[in-house]
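Coordinates in review
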Amino acid sequence: MLWATRRGCHVDRTACAWLIKRFVDPEANFAFFKDPEEAPEGAKLFDVAGARLSHHGEDCSFETFLKEYDLQDPVLSEIAEIVHDADLMDEKYGRSESEGLDVIVRGMQLALPDDESLTRHTDALYEGLYTYLGREVL
Amino acid sequence: MGKTRWLLLVYHLPREPSRHRVAVWRKLKALGALYLQDGVAALPEDAVTREQLEWLQLRVREAGGEATLWEGQPNTQAEDKELVEAFRSSREEAYQAIIAGAERVRRKAELGGGETLLAELGKLEREFRVERRRDYFRAASRKEASEVLKAARQAVREGESPSGKLGTGSGD
């Protein structure tokens, strides 16, 4: 399936891209657009204002994905807290990891040429986070 | 010197329930935005401020209000400079409070420390990182705050080492 979101990905969108590939759609392809008007026909939009898979109430898009796809994995819930705090900067969960994650992804965004390249690199980051937290949580 | 690109969130929320107005105001304050007028908040444009304001716009609309997001530049260099200066001075108070707090911690550490110094210092360092993130134009006191915090950290560490510890034990 083709998934589409806005360009200039930060923590929430890069984490969603990893989540999609890893838990929702292993065959996923991605498109990144500047304006929602340019979104490819038939693509599933995420982290876009007005889309179902986006921010809702206090939730960031990653949290919405977990609810929409009923992903009841305690490690993913932990990652969701970290992503939330990094994305919304409201210290809702007081996760110390988000501060580091925020800086790292922001830096990667500046250093890498585009969102395709960025999300490829951040996959390793979230995979590592998932593996590491899995040892602590489970 | 070029002019800054600014984002303006122009919004209006129903008076009741007031929690939405408070939540939006809080979020703008947390981002370090300045109000140009009632319901018109400005931030310098970058990927992060743009994204945060887009979500805020959505939130206002979901709460039954109206919000439009604009990007632009003031007409003159002078107006731009004035706005930049307003942003800088809006951070000064917080930096000054951090500097005063860090000086206090450093003095206490040099006088033999105390159990809570590390926690106090950690809180100030966290506050500093929060300020720095929304200090878009390097307010004058940022550097001083950073240096005073480093000095305080060093004093606390030295106060903690066994040789430098001055009778903060349980007295056995």
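Position labels on residues start from 1 in each chain and follow its written sequence. The naming scheme follows written order: chains are lettered A onward, ligands numbered 1 onward. Only residues with pLDDT of at least 70 are given local features in this predicted model, and only at 80 or more are side-chain atom pairs given and counted; all residues enter the totals for whole chains, interfaces and linings.

1. With respect to the overall build of chain A
- Counting secondary structure elements, chain A contains five helices and three strands.
- Reading the secondary structure of chain A in the N-to-C direction produces β-α-β-β-α-α-α-α.
- Against the 2.2 N^0.38 benchmark of 14 Å for 138 residues, chain A shows a C-alpha radius of gyration of 14 Å, consistent with a compact globule.
- With respect to the principal axes defined by its C-alpha atoms, chain A has extents near 40 × 35 × 30 Å. Secondary structure elements follow DSSP: runs of H or I of four or more residues count as helices, runs of E of two or more count as strands, with numbering from the N terminus. Atoms counted for the radius of gyration: C-alpha only. Globule rule: 2.2 Å times the number of residues to the power 0.38.

2. As for the sheet that holds strand E3 (residues 40–44) of chain B
Residue and element names in this part refer to chain B.
- Two strands form a pair only when DSSP identifies at least two bridges running between them. Taking strand neighbours across the sheet as the criterion, the four strands line up as E2-E3-E1-E4 in an open arrangement whose pairing is antiparallel. Since the sheet does not close on itself, it has two edges, and those belong to strand E2 (34–37) and strand E4 (66–72), each with one partner. Here the average twist between neighbouring strands, direction ignored, is 30°.
- As paired elements, strand E1 (residues 6–12) and E4 share seven bridges and run antiparallel to each other. Convention adopted: a line fitted to C-alpha atoms gives each axis, helices being fitted over their contacting stretch, and angles between N-to-C directions are expressed from 0 to 180 degrees.

3. A closer look at the pairing of E3(B)
Residue and element names in this part refer to chain B.
- In terms of strand pairing, E1 meets E3 through five bridges, oriented antiparallel. Each bridged residue has a counterpart across the sheet, and for Leu9 the counterpart in E3 is Ala41.
- With three bridges connecting them, E2 and E3 associate as antiparallel partners. Its bridge partner being in E3, Leu34 is matched across the sheet by Ala42.
- Counting the residues in the hairpin turn of E2 and E3 gives two residues, including Gly39, whose phi is positive at 80°.

4. What about the packing of helix H4 (residues 97–111) of chain A against helix H5 (residues 115–137) of chain A?
Residues and elements named next belong to chain A.
- Contact pair H4 / H5: the axes reach a minimum separation of 9 Å and the direction vectors enclose 145°. Helix-helix and strand crossings are classified by hand; for H4 and H5 the assignment is right-handed. For the pair H4 and H5, contact is made by Val105, Met108 and Gln109 and by Leu118, His121 and Thr122, respectively.
- Residue classes follow a fixed rule: Ala, Val, Leu, Ile, Met, Phe, Trp, Tyr, Cys and Pro count as nonpolar, while Asp, Glu, Lys and Arg count as charged, and any other residue, Gly among them, counts as polar. Its residues assigned to classes, the contact of H4 with H5 comprises three nonpolar, three polar and no charged. Each helix crossing is assigned a hand: it is left-handed if the near helix lies turned anticlockwise from the far helix by less than a right angle, otherwise right-handed if that turn is clockwise. The contact criterion used is a C-beta to C-beta distance within 7 Å, with each C-beta placed from the backbone.

5. Comments concerning the interface of chain B and chain A
- Chain B puts seven residues into the contact, and the matching count from chain A is six residues.
- It is helix H2 (residues 47–62) of chain B that contributes the most residues to the side of chain B that touches chain A, five residues altogether.

6. Quick notes on unusual backbone geometry
- Of note, the amide linkage connecting B:Glu16 to B:Pro17 takes the cis form, showing an omega dihedral of -5°.
- A positive phi angle is found at A:Asp47, which is not glycine, with a value near 55°.

7. Concerning the environment of B:Glu147
- Along the polypeptide, B:Glu147 turns up in helix H5 (residues 142–160).
- Note: C-alpha distance between B:Glu147 and B:Ala102 (45 residues apart in sequence) is 9.6 Å.

8. A word on the confidence of the model for chain A
- One confidence number per residue, pLDDT, is output by the predictor and ranges from 0 to 100. With 100% of its residues at a pLDDT of at least 70, chain A reaches an overall mean of 94.
- Here H4(A) stands out as the least confident element of chain A, with mean pLDDT 92; helix H2 (residues 61–68) of chain A is the most confident, with 98.

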